Amino acid sequence: MVSLELRNVWKRFGKQDVLSGVNWQASGGELVALMGVNGAGKTTMLRVMSGMVGAESGEVFINGKHFTRDDVELRRQFFLLGDEPALIPQGSAIMNLATMAKLWQIDRPNLEEVAAEWMDRFGVLSLREKPVSELSRGQRYKVALVILATLRPPIWLMDEPFASGMDAQGLRTLRQLIREGLEEGVLVVFSTQLIEMVRGFAGRVTVVSGGVILHNGTVPELEEKARAGDPYLAMLMD
Ligand SMILES: Nc1ncnc2c1ncn2[C@@H]1O[C@H](COP(=O)(O)OP(=O)(O)OP(=O)(O)O)[C@@H](O)[C@H]1O
């Protein structure tokens with residue numbers, strides 16, 4: 001089963017410690033929500049996990065192996081879906097899929113078939129030949145999710161996927177995709193400000209504040225702490 005771990009990770013931007021000695025661990029089959037106010041360090045944590053941003057000190061481990069940014073094999077274990085999906089603008093959805101499949105060294109004969117099925121589910125099948133630069137933000141996001149659904153690496157890191165501008169069909173299909181992934185043993189970590197996406201969906205919540213982890217546990221545990229009077233948690237759960 002896949003695992004991801006941060007050990008004593010420090011990340012600094014200028015004079016600001018954005019992550020201050022973060023220790024965190026998760027395994028395949030878990031759905032972890034990252035919560036915290038704007039600027040708390042959620043995106044930075046996802047970027048450090050993915051190797052997109054290097055930490056000043058501390059380590060990231062994937063499947064117990066020390067992960068460094070130039071470790072291409074370990075990079076293929078995950079897919080980071082940021083604010084703006086990393087797609088080749090002049091390429092179509094199909095071209096982007098083929099390029100990423102090469103990078104991820106995935107050579108399944110039915111790749112286009114699977115992608116077409118997910119395009120249909122996300123409602124972007126008719127857009128498959130269009131350059132992604134000519135798609136709307138929500139459509140681009142759907143294309144990136146189609147690629148994720150088709151390639152299926154074992155770790156999915158998503159930055160505010162439920163505030164990505166997708167319509168109801170897109171949001172519903174994303175929830176289905178995540179549920180399917182979890183059943184297959186994928187580890188999903190997503191940041192969110194939406195308490196309704198935490199209640200009744202996430203299995204675990206990691207609350208970040210000022211670069212430290214304030215809470216790391218189940219949703220009922222978080223609600224209990226908020227009820228007990230923790231002002232920061234109470235504000236997040238409001
Ligand atoms: N490239 C950068 N250069 C300088 N400072 C940065 C950079 N990226 C992030 N920061 C700072 O790090 C802090 C944490 O930012 P981060 O984007 O991780 O927060 P966040 O919790 O994801 O916030 P939001 O909810 O607004 O997306 C902020 O104070 C931000 O200004």
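All of these numbers come straight from a predicted model, not from anything done at the bench. (Residues numbered from 1 in each chain as written. Predicted model: local features only at pLDDT ≥ 70, side-chain atom pairs only at ≥ 80, totals over all residues. Heavy atoms only, no water.)

Q: Explain the UniProt feature "domain: ABC transporter" (unreviewed entry) in the protein chain to me, using residue names and the numbers behind them.
A: As annotated by UniProt and renumbered to match this structure, "domain: ABC transporter" (unreviewed entry) occupies residues 4-235. Secondary structure across residues 4-235 divides into 35% helix and 27% strand, with the first and last C-alpha atoms of the span separated by 29 Å. (UniProt positions renumbered as here; feature names shortened; annotations may be inferred. Helix = DSSP H or I, 4+ residues; strand = E, 2+ residues; numbered from the N terminus.)

Q: Explain the site of the ligand residue by residue, including any values.
A: Taken together, 13 residues are adjacent to the ligand, and G39, G41, K42, T43 and T44 come closest. Taking N38, its side chain carries an N or O atom lying 3.1 Å from an oxygen atom of the ligand. Backbone polar atom of A40 to an oxygen atom of the ligand: 3.1 Å apart, as the coordinates give it. Burial of the ligand by the protein chains amounts to 61% of its free accessible area of 640 Å². Counting residues per element, the ones that place at least two in the shell around the ligand are β2 (16-27) and α1 (42-50). Among the elements that line the shell around the ligand, the one with the most residues is α1, at 3 residues. Counted by class, the shell around the ligand contains 4 nonpolar, 7 polar and 2 charged residues. (Near = heavy atom within 4 Å. Polar contact = N/O pair within 3.5 Å; in protein donor to acceptor, adjacent residues only side chain to side chain. Areas by Shrake-Rupley, 256 points an atom, 1.4 Å probe, with all protein chains shown as cover. Nonpolar A, V, L, I, M, F, W, Y, C, P; charged D, E, K, R; others polar.)

Q: Give a detailed account of the packing of aromatic side chains, specifying residues and quantitative values.
A: Aromatic ring pairs are reported here in terms of the distance separating the ring centres and the angle at which the planes meet. Applying the stated criterion across every chain, the model contains 6 aromatic pairs. Centre to centre, the rings of F67 and F78 are 5.6 Å apart; their planes meet at 85 degrees, and the pair counts as edge-to-face. Taken together, the positions of F67 in strand β5 (residues 65-67) and F78 in strand β6 (residues 78-81) put the pair 11 residues apart, joining distant regions of the chain. A single burial state applies to F67 and to F78, both of which are buried. Where F190 meets F201, the ring centres are 6.2 Å apart and the plane angle is 65 degrees; that geometry is what we call edge-to-face. Of this pair, F190 sits in strand β8 (residues 187-191) while F201 sits in the loop between β8 and β9 (204-209), and the two are 11 residues apart along the sequence. Residue F190 is classed as buried on the basis of its relative accessible area, which comes to 0%. (Phe/Tyr/Trp six-rings, centres within 6.5 Å; stacked < 30°, edge-to-face > 60°. Buried < 20%, exposed > 50% of the residue type's maximum accessible area, 1.4 Å probe, protein only.)

Q: Give me the domain arrangement of the protein chain: which residues, what numbers.
A: Domain boundaries assigned for the protein chain yield domain 1 (3-77 + 154-237) and domain 2 (87-153). Taken over C-alpha atoms, the centre of domain 1 sits 24 Å from the centre of domain 2. Counting residues at the interface gives 25 residues for domain 1, matched by 17 residues for domain 2. Between domain 1 and domain 2 lies a buried interface of about 1600 Å² when both sides are counted; carbon and sulfur atoms form 56% of it. If you look at where domain 1 meets domain 2, you find 4 salt bridges. The shortest N-O distance in the salt bridge between R152 and E184 comes to 2.7 Å. The interface formed by domain 1 and domain 2 contains 11 residue pairs in polar contact (both at pLDDT 80 or more). Those elements that place two or more of their residues in the side of domain 1 that touches domain 2 are β7 (155-159) and α6 (168-183). The dominant element in the side of domain 1 that touches domain 2, judged by the number of residues it contributes, is α6, at 8 residues. Of the residues in the side of domain 1 that touches domain 2, the class split is 10 nonpolar, 8 polar and 7 charged. (Domains from an automatic or database assignment. Contact = heavy atoms within 4.5 Å. Buried area = accessible area lost by both parts, 1.4 Å probe. Salt bridge = Lys/Arg side-chain N within 4 Å of Asp/Glu carboxyl O.)

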